[in-house]
Amino acid sequence: MSAPHERRAAVTGIGVVAPNGTSTETFWKATQEGLSVLDRVTREGCDHLPLKVAGEVRSFDASAAIEERYLVQTDRFTHFAMAAADAALEEARLGQADTEGAPFSAGVVTAAGSGGGEFGQRELQKLWGKGSRYVGPWQSIAWFYAASTGQVSIRRGFKGPCSVVAADEAGGLDALAHAARAVRRGTDVIVAGSTEAPLAPYSMVCQLGYGELSPVSEPERAYRPFTEAASGFVPAEGGAMLVVEDAGAARDRGVPVRATVAGHAATFTGASRWELSREGLAEAIRGALAEAGCAPEEVDVVFADALGVPEADRAEALAIADALGAHGRRVPVTAPKTGIGRAYCAAPVLDAAAAVLAMEHGLIPPTPNVVDICHDLDLVTSRPRAAEVRTALVLSRGLMGSNSALVLRHGAVGP
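If you're wondering where the values come from, they're calculated on a predicted model, not measured in any experiment.

Draft legend 1. Representation of the packing of aromatic side chains. Under the criterion given, the structure shown has six aromatic pairs. Ring geometry for Trp 143 against Phe 144: centres 5.3 Å apart, planes inclined by 70 degrees, an arrangement best described as edge-to-face. For Trp 143, a relative accessible area of 36% corresponds to the partly exposed category. According to the relative accessible area criterion, Phe 144 is partly exposed, its value standing at 40%. Three or more aromatic residues joined by ring pairs make a cluster, and in this case those are Trp 143, Phe 144 and Tyr 145. For the cation-ring pair, Arg 155 lies above Tyr 70, with the distance from its terminal atom to the ring centre recorded as 5.9 Å. For Arg 342, the ring lying beneath its charged end belongs to Phe 233, and the centroid distance is 5.8 Å.

Below is the structure:
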C-alpha cells in the first residue's frame, strides 16, 4: 500500500438509475443525444396536485435487482441505491468475494434530501386506516435519510467508514468528496453517491412550498435555465453511485482508472438568497481548483447547477466568470439535467457520472430544451460537442443555501 499522502481517489465504477436510462450505457446514450424524457406525472395519487411535470424512472424493476428480504425493508430511493451500487461495483470488478477479506476497509457515503416518502406514506395510511398493529417495523428506518447508506453497507458486508451527508442538493457532491478523502486517508474502497425518490404524493406535497419549483405544465417548456423563459426547476427521481478507490490499488487489480476526484470545496450562503450564491459558488470553485492544483484555464467543461430561476441563473453565470476569469466566458457549459429533471441530492452525482463519461468519450452532452441563452455563457445546446475533455468542473447549489464544486480529472491525473 502506498503512503497516505500519495494516494489518489479514483473513480473505477459507475452505476446509474435515471429517468433516461437504468444503466450507465443507456443513461449515457440518452444524455449524449440530448434526449428529453420530462413528461406529465403519472404516479398514482398525484393527478390532483399542481406539480404536473417531472422526471420519472419508469423502467425499473426492483424485484429483479434486489432480494425480497431487502425490498420489504426499504423505500424506492434505497432500491435505486442498491441497484446502482451493484452496477458500480460490477464495473469496478469488485465482487462480494473481493471485499469479504477486508470488510473494514470498504465503506459507503450517500446524501439524500427527500428520504423514503413512499414507504412512509404507505405505513402511515395503514396507521390511520387500520390501526397501529398494521404498521410494519421497518417504518422506523425506511423513511430515514441514512437508510441507503445502512442498507447498501449491510447487504454488501461493508464495515468501513460509512456516513450520510446533510447539505441539501449540494450534498451529492459533498458525498463524493467525503469518499475521496476517506480513500486518501487509507480506506480501500468507498461506494458513494445519491439516489432520490421524491415523487410519491406525500413527498410532492412537501415540495410545493418551494418557490423555485416550475409551475409550467408543458414538459418541453417547464425547465429552461439560462433563458428568458426560465420559470424554475422540474423535480426528478433516480440517481447514481460511484466506486471510489485508490488509483494505485486499481492499477494493481488491472482495473482502468476512469477519473480522479481531484478537488472539492463547499460554502453556505443562506436559503434562496440567490444573489449571494454568486460569491459563495465562486469561492467554492476557487477552493476546488486550489485543492486540485488546477488553473482556471485548464477546465474543459462546466456541468452547471442550472436551477432555472432567473436570479439564480444570473448568479451562477457570474460566479463562473468570477472564478474562472476570461476563461469563464469561453469554457463550454452544459446542463444535461434539463432533459431528466433535477433529482435533488442525486442531480450533481448524475452530472459527475456524465462528466466522467464525457471525458472518456471526448463529447460534451447538450442541454435539452434550451436554445435562446440570455447569459454570457458558452452553453452547449441542441447537439453534443466533440472536445478533448481532461478536466471537468461540476457545480451544485441547494435550496437551503449550500454551494459545492467538484473537480474531476480524466484518468489518473490528480493532486
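Draft legend 2. Up close: the nonpolar core. Counting 50 residues, the largest nonpolar core has Ile 285, Val 299, Val 302, Leu 324, Leu 393 and Leu 395 as the members making the most contacts within it. Mapped by element, the contributors of at least two residues to this core are strand 3 (53–54), helix 12 (274–292), helix 13 (310–324), strand 14 (391–397) and strand 15 (402–410). The dominant element in this core, judged by the number of residues it contributes, is helix 12, at eight residues. Residue contacts for Ile 285: discarding those within four places in its chain leaves Ala 319, Ile 320, Ala 323, Leu 324, Leu 393, Leu 395 and Ala 405.

Cut-offs applied
Residues numbered from 1 in each chain as written. Predicted model: local features only at pLDDT ≥ 70, side-chain atom pairs only at ≥ 80, totals over all residues. Heavy atoms only, no water. Phe/Tyr/Trp six-rings, centres within 6.5 Å; stacked < 30°, edge-to-face > 60°. Buried < 20%, exposed > 50% of the residue type's maximum accessible area, 1.4 Å probe, protein only. Lys NZ or Arg CZ within 6 Å of the ring centre and 35° of its normal. Core = buried A, V, L, I, M, F, W, Y, C linked by side-chain atoms within 4.5 Å. Helix = DSSP H or I, 4+ residues; strand = E, 2+ residues; numbered from the N terminus. Contact = heavy atoms within 4.5 Å.

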